[in-house]
Amino acid sequence: MTVENEKDWAGLRRIGRIVAMARDTMLRSVRPGMTTAELDAIGESVLKEHGAVSAPRKTYNFPGVTCISLNDVAAHGIPGRRKIRTGDMVNVDVSAELDGYYADTGATIVVEGDGSNTELKRRLVDSSRTALDLAIAEAKPGAKLNRIGKAIEREARRSGFTVIRNLAGHGVGRKLHEEPGDIVNFENKKDGRLLQNGVVVAIETFLSTGAEYVLEEQDGWTIRTPDGSLVAQFEHTVVVTSEGPVVLTV
């Protein structure tokens, strides 16, 4: 999607704020002993309060309102009976639609507690968050789209981590996934696409403690590292403008 008028700006800002509220409310609510289904219900409540509809459920019939991924699950974790424990990494990925506009966001936290050794997990989360900030800074009109992936990969290597190469950010706005297509977490030197003024993108980081590729499980949704490597994901919906990137999901 390319933003064309004030109606577009208003619609995108509105849904951006809603998914950000759902994300932050969910993360503040994380407690050891709660199930991921209980956490998902909190996100659902926020979306309903503001009239928004779960995008993965609407678009793909996903069996949850939000995606909740723990530890070695990189994406598309299905909310259910699994209980969150002290020391877990918890990622929530919230995307929704309102009045024909879509926004997508995600963040990861570490559930701290007595006796849990979380130093590596905290470093991974911090690096993935930093990578997202650096990637967003590259979102300028006329810039090569692959500079986003280059910034993510550079930060991962600096911190001693790797990037997941078969997960990516994407275009968003009128649909959950749209042009300009995949925005990978590494520098694809063959990708000559340029960012256009006004284009809406979901920039998404997937940093890992080891694995570079993930596999889909038999449930058709859950995406997990094959070796138990941990993954931290962060994501914002961003509009590329000549005055600088505008982050909608804050």
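One can find the structure itself at the top, above this paragraph.
Residues numbered from 1 in each chain as written. Predicted model: local features only at pLDDT ≥ 70, side-chain atom pairs only at ≥ 80, totals over all residues. Heavy atoms only, no water.

Here we look at helix α4 (residues 119–137)
Inference 1: Helix length check: α4 (19 residues) gives 27 Å between terminal C-alpha atoms against 27 Å at 1.5 Å per residue, within 8%.
Inference 2: Along α4, the positions that sit buried rather than exposed are K121, L124, V125, S127, S128, A131, L132, A135 and I136.
Inference 3: Tucked into the core, α4 has its buried residues touching β4 (89–98), β5 (101–110), α5 (146–158), β9 (200–208), β12 (231–239) and β13 (246–247). (Helix = DSSP H or I, 4+ residues; strand = E, 2+ residues; numbered from the N terminus. Expected span 1.5 Å × (residues − 1). Buried < 20%, exposed > 50% of the residue type's maximum accessible area, 1.4 Å probe, protein only. Contact = heavy atoms within 4.5 Å.)

With respect to the packing of α4 against α5
For any two helices packed against each other, the geometry is given by the interaxial angle and the distance between the axes.
Inference 1: In the contact formed by α4 and α5, the axes pass within 8 Å of each other and the chain directions differ by 150°. Between α4 and α5, the crossing angle belongs to the class labelled roughly antiparallel. Relative to α5, α4 is oriented so that their crossing is right-handed. Counted together, S127, T130, A131, L134 and A135 of α4 and I148, A151, I152, E155 and A156 of α5 form the full contact between these two elements.
Inference 2: Broken down by class, the residue content of the contact of α4 with α5 amounts to seven nonpolar, two polar and one charged. (Axes fitted to C-alpha atoms, helices over the stretch in contact; angles between N-to-C directions. Parallel < 35°, antiparallel > 145°, perpendicular 65-115°, else oblique. Left-handed = near helix turned anticlockwise from the far one by under 90°. Nonpolar A, V, L, I, M, F, W, Y, C, P; charged D, E, K, R; others polar.)

A closer look at the sheet that holds strand β3 (residues 73–75)
Inference 1: Sheet architecture is open: three strands sit in the order β3-β11-β10, paired in antiparallel fashion. Pairing within the sheet leaves two strands with one partner each, and these edge strands are β3 and β10 (215–216).
Inference 2: With two bridges connecting them, β10 and strand β11 (residues 223–224) associate as antiparallel partners. Among the inter-strand pairings, L215 is bridged to a residue of β11, identified as R224. (Pairing = 2+ DSSP bridges.)

Description of the side chain of E178
Inference 1: With respect to the element layout, E178 can be found in strand β8 (residues 178–184).
Inference 2: Despite being buried, E178 has no salt bridge partner; R174 is the closest side chain of opposite charge, sitting 6.8 Å away.
Inference 3: At a separation of 2.7 Å, a polar atom in the side chain of E178 contacts the main-chain amide nitrogen of R174. (Lys, Arg positive; Asp, Glu negative; His and termini not counted. Salt bridge = Lys/Arg side-chain N within 4 Å of Asp/Glu carboxyl O. Polar contact = N/O pair within 3.5 Å; in protein donor to acceptor, adjacent residues only side chain to side chain.)

As for the pairing of β9
Inference 1: A large share of β9 lies buried, amounting to nine of its nine residues.
Inference 2: Of the two faces of β9, the one lined by V200, A202, E204, F206 and S208 and the one lined by V201, I203, T205 and L207 are each fully buried.
Inference 3: Bridge count for strand β7 (residues 168–171) against β9 is two bridges, and the pairing is antiparallel. Looking across to β9, one finds that G171 is bridged to V201.
Inference 4: Here nine bridges tie β9 to β12, and the two strands are oriented antiparallel to one another.

Notes on the packing of aromatic side chains
Both the distance between ring centres and the angle between the ring planes are used here to describe each pair of aromatic rings.
Inference 1: In total, this model carries one aromatic pair according to the counting rule given.
Inference 2: Plain terms: the ring middles of F62 and W221 are 5.1 Å apart, the flat faces sit at 90° to each other, and that makes the pair edge-to-face. Here F62, found in the loop between α3 (55–60) and β2 (67–70), pairs with W221, found in the loop between β10 and β11; they are 159 residues apart in sequence, far enough to count as distant.
Inference 3: Judged by relative accessible area, which is 24%, W221 ranks as partly exposed. (Phe/Tyr/Trp six-rings, centres within 6.5 Å; stacked < 30°, edge-to-face > 60°.)

Some thoughts on the nonpolar core
When a protein is soluble and globular, its nonpolar side chains tend to lie buried together.
Inference 1: In this structure, I15, L39, L47, I84, V90 and I203 are the most contacted members of the largest nonpolar core, which totals 66 residues.
Inference 2: It is helix α1 (residues 6–29) that contributes the most residues to this core, eight residues altogether.
Inference 3: Contact partners of L39, with chain neighbours within four places excluded, come to M26, S29, V30, M34, I68, I84, V90 and V92.
Inference 4: A74, A75, I164 and F206 belong to the second-largest nonpolar core, a separate cluster that totals eight residues. (Core = buried A, V, L, I, M, F, W, Y, C linked by side-chain atoms within 4.5 Å.)

Concerning unusual backbone geometry
Inference 1: With omega at 15°, the peptide bond leading from E179 into P180 counts as cis.
Inference 2: As for its position among the elements, P180 is in strand β8.
Inference 3: We note that N71 has phi near 60°; this positive angle belongs to a residue other than glycine.
Inference 4: Its identity as a non-glycine residue notwithstanding, H76 has a phi of 65°, on the positive side.
Inference 5: Considering the arrangement of structural elements, one finds H76 in the loop between β3 and β4.

Geometry only, nothing functional implied.
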